[in-house]
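Structural characterization, general
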Amino acid sequence: LVARACASVGATCAAAEAAFVDGVAATLGGGTHHAAADAGSGYCVFNDVVVAIRRLQATDPGLRVIVIDADVHQGDGTAALTADDRRVFTYSIHGAKNFPARKVPGSVDIALPDGTDDATYLRALIESLDPALDDARADLAFYLAGADPFHRDRWGRFALTKKGLARRDRFVLEACRRRGLPTTITMAGGYAPRIDDIVDIHAATIRIAVDLSRHWVAPDQQRHTPGGTASDSG
């Protein structure tokens, strides 16, 4: 468990650096958004996205980040850990009555009722994400592409189909692509009894990212390169 938790954090850090080079990058794990500074929670040991953000900010203190959290559970750990950092904007679209019982307010929280279907979910996402991206003025995005809004998920309590989840992914990633925003994808939650359903949903996310990557506007690679700032690496 220790090795896996540490490797997952390292993978998210590596994917964040790769996003600055390739426009979009992904790790087949991560999105452990319930972890706090001093404790794990909700199957989350360390908050990989916040660790990656802090690592990047160590070499680029002015870096602005948006965390787009589409896991069905609100990212309370991420919101708490970044609450005092104006450089980090958190957007979460989640179940209003789902875990955690105590939500930690982020920059934008879209709380939807149990039983939310494709149309209702996508309408809420479309109406709220573009304004959030405009307000964030970010240099980098993290996208937590949770599979748990799926209608067969054990803990999701939403009614989204695989088609609806794919439309979610495409909308989020296209919104980032239009802005030339380097984007790091993490998998976050997924608890369907049939493992193949979880695999299908995550695989669709990656296929969409690969498709869009061919047309991603080249990011400003002078902002950051793996291992340090552009000036550090020469």
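Overview of the structure.

Cut-offs and rules
Residues numbered from 1 in each chain as written. Predicted model: local features only at pLDDT ≥ 70, side-chain atom pairs only at ≥ 80, totals over all residues. Heavy atoms only, no water. Pairing = 2+ DSSP bridges. Helix = DSSP H or I, 4+ residues; strand = E, 2+ residues; numbered from the N terminus. Axes fitted to C-alpha atoms, helices over the stretch in contact; angles between N-to-C directions. Contact = heavy atoms within 4.5 Å.

A word on the sheet that holds strand β3 (residues 88-95)
The strand order β1-β6-β5-β2-β3-β4 describes an open sheet built from 6 strands, whose pairing is parallel. Of all strands in the sheet, those with a lone pairing partner are β1 (24-26) and β4 (108-112), marking the two edges. On average, adjacent strands in this sheet sit at an angle of 10° to one another, irrespective of strand direction. Relative to strand β6 (residues 183-186), β1 runs parallel, the two sharing 3 bridges. Its bridge partner lying in β6, Val24 is registered against Thr183. Relative to β3, helix α4 (residues 118-136) is tilted by about 175°, and along the sheet it contacts β2 (65-69), β3 and β4. Helix α5 (residues 162-178) rests against β2, β5 (140-144) and β6 of the sheet, and its axis sits at about 175° to β5.

Some points on the side chain of Thr184
Along the polypeptide, Thr184 turns up in strand β6. Once residues lying within four places of it in the same chain are set aside, the contact partners of Thr184 are Thr12, Ala15, Ala16, Ala19, Ala25, Leu140, Ala141, Phe142 and Tyr143.

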